[in-house]
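Residue-level structure breakdown
Residue-level listing of the chains:
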Amino acid sequence: METMRDIRNRMKSVRQTLQVTGALKLISTSKLRKARRRLEDTMPYFDGISKAMRDIIGHSEEHGAKWFDERADKKDRKIATLVVTADMGKAGGYNHQIIRYVEEHCPEGSFLLPVGQVGKRYFMEKNYVLVEDFTFATKEPSVYEAKEIAAFAAAEFFQGKIDEFRIVYTRMHSIVKLEPTMQVLLPLDAAVIAKNGKGAEEAAYRYMPSEEGLFDSLVPLYLKGVLYGALVSAFASEQAARMTAMD
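The notes below deal with the structure included here. As the structure is a prediction and not an experimental result, all values here were calculated from the model.

Turning next to the nonpolar core. Of all hydrophobic cores here, the largest spans 43 residues; its most connected members are Met-53, Trp-67, Leu-82, Phe-165, Leu-188 and Leu-223. Sorting the residues of this core by element identifies helix H1 (4-59), strand S1 (79-84), strand S2 (111-115), helix H4 (143-158), strand S4 (164-172), strand S5 (178-186) and helix H6 (211-246) as the ones contributing at least two each. With 13 residues, the top contributor of residues to this core is H6. Counting residues in hydrophobic clusters, the runner-up holds 11 residues, among them Val-83, Cys-106, Val-118 and Phe-123.

And the structure:
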């Protein structure tokens, strides 16, 4: 039978736990608001790039053809998957859902590029090939981080080292609806580019020195925009999951 001292110690432990979980919830709430605001601020920049790419493709399907090459004739296509998890737990099933999604869609031996310590530690012990380790600090994602990943993906694809580059992350539909999602970034899909920013008024552009050269310059910027949106969505999803878990 518990003594009064045991009961008091348990009450003290519960109060301390409440303080910790309450603090984590407040921190996650603040990070979530900030992430959403920064993503909204970058969307006009991304929409402008998408418009230019749509305009160039509309002039001729041959422009940037190498970026649309599906390389279907290759017997062994090399597919690299960027996997976004968190650096820590205390976020309910956030990390577990992404890991399970990767295991369902990426057979053993697949090339993975982990972002987040939880996923990295897990897949290091499994039969996967970790191609690159993007170690970013535990904070809100930045466009510089997205730029680094985009440059790596574009270079590897352009040089023929990989035939497909995709990202697995958690898409935030709402605070209570978080969905693991896979998105193919390379090769480019003209239908996806046409859909991005659809409905906005298109401007008449003139390109110097050439449309082909400009398109090659726009691809890394386009990838950066898509990646940044995915990283922020994953970050916001993590904070939402942690808020719910702390409740």
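What follows concerns the side chain of Asp-163. One can find Asp-163 in the loop between H4 and S4. What makes Asp-163 buried here is its relative accessible area of 1%. Contact partners of Asp-163, with chain neighbours within four places excluded, come to Arg-71, Lys-74, Asp-76, Arg-77, Lys-78, Phe-157, Leu-186 and Pro-187.

This brings us to the pairing of S2. Across the five residues of S2, four count as buried, placing the element largely inside the fold. As paired strands, S1 and S2 are joined by five bridges and run parallel to one another. The partner of Val-83 across the bridge, within S2, is Pro-114. Across two bridges, the pairing between S2 and strand S3 (residues 129-130) is parallel. Each residue of the ladder has a partner; that of Leu-112, found in S3, is Leu-130. Tracing the backbone out of S2, into helix H3 (residues 117-124) and back to the parallel element S3 gives a crossover that is right-handed.

Going through the model one piece at a time under the given rule, you end up with five salt bridges. Linking Asp-163 and Arg-71 is a salt bridge whose minimum nitrogen-to-oxygen distance equals 3.2 Å. Taken as a pair, Asp-163 in the loop between H4 and S4 and Arg-71 in the loop between H1 and S1 lie far apart in primary sequence, 92 residues in all. For Glu-164, the salt bridge identified is with Arg-77, shortest N-O distance 3.2 Å. Taken as a pair, Glu-164 in strand S4 and Arg-77 in the loop between H1 and S1 lie far apart in primary sequence, 87 residues in all. Under the relative-accessibility criterion, Glu-164 is labelled buried at 12%. Under the relative-accessibility criterion, Arg-77 is labelled partly exposed at 29%. Residues joined by salt bridges that share partners form a network here, namely Asp-69, Arg-71 and Asp-163.

Let us look at the environment of Glu-179. Counting through the fold element by element, Glu-179 comes out in strand S5. Put simply, Glu-179 and Ser-237 are 58 residues apart on the chain and 8.8 Å apart in space, counted from C-alpha to C-alpha. If near-sequence neighbours (up to four positions away) are discounted, Glu-179 is found in contact with Tyr-169, Thr-170, Arg-171 and His-173. A distance of 2.6 Å separates a polar atom in the side chain of Glu-179 from a polar atom in the side chain of His-173.

So, about the environment of Pro-114. Looking at the secondary structure, you find Pro-114 in strand S2. Once the C-alpha coordinates of Pro-114 and Val-131 are considered, the two residues, 17 residues apart in sequence, prove to be 8.6 Å apart. Dropping the residues within four chain positions of it, Pro-114 is found in contact with Val-83, Lys-120, Leu-130, Glu-132, Asp-133 and Phe-134.

Here the structure, examined in full by the defined rule, presents four aromatic pairs. Here the aromatic rings of Tyr-122 and Phe-123 are separated by 5.3 Å at their centres, their planes lie at 90°, and the arrangement is edge-to-face. For Tyr-122, a relative accessible area of 26% gives the class partly exposed. Clustering of aromatic rings is evident, with ring pairs tying together Trp-67, Phe-157 and Phe-158. Across from the ring centre of Phe-157, 4.0 Å away, lies the NZ or CZ of Arg-71, which sits over that ring.

The rules behind each value
- Residues numbered from 1 in each chain as written.
- Predicted model: local features only at pLDDT ≥ 70, side-chain atom pairs only at ≥ 80, totals over all residues.
- Heavy atoms only, no water.
- Core = buried A, V, L, I, M, F, W, Y, C linked by side-chain atoms within 4.5 Å.
- Buried < 20%, exposed > 50% of the residue type's maximum accessible area, 1.4 Å probe, protein only.
- Helix = DSSP H or I, 4+ residues; strand = E, 2+ residues; numbered from the N terminus.
- Contact = heavy atoms within 4.5 Å.
- Pairing = 2+ DSSP bridges.
- Right-handed = clockwise from strand over helix to strand, strands pointing away.
- Salt bridge = Lys/Arg side-chain N within 4 Å of Asp/Glu carboxyl O.
- Polar contact = N/O pair within 3.5 Å; in protein donor to acceptor, adjacent residues only side chain to side chain.
- Phe/Tyr/Trp six-rings, centres within 6.5 Å; stacked < 30°, edge-to-face > 60°.
- Lys NZ or Arg CZ within 6 Å of the ring centre and 35° of its normal.

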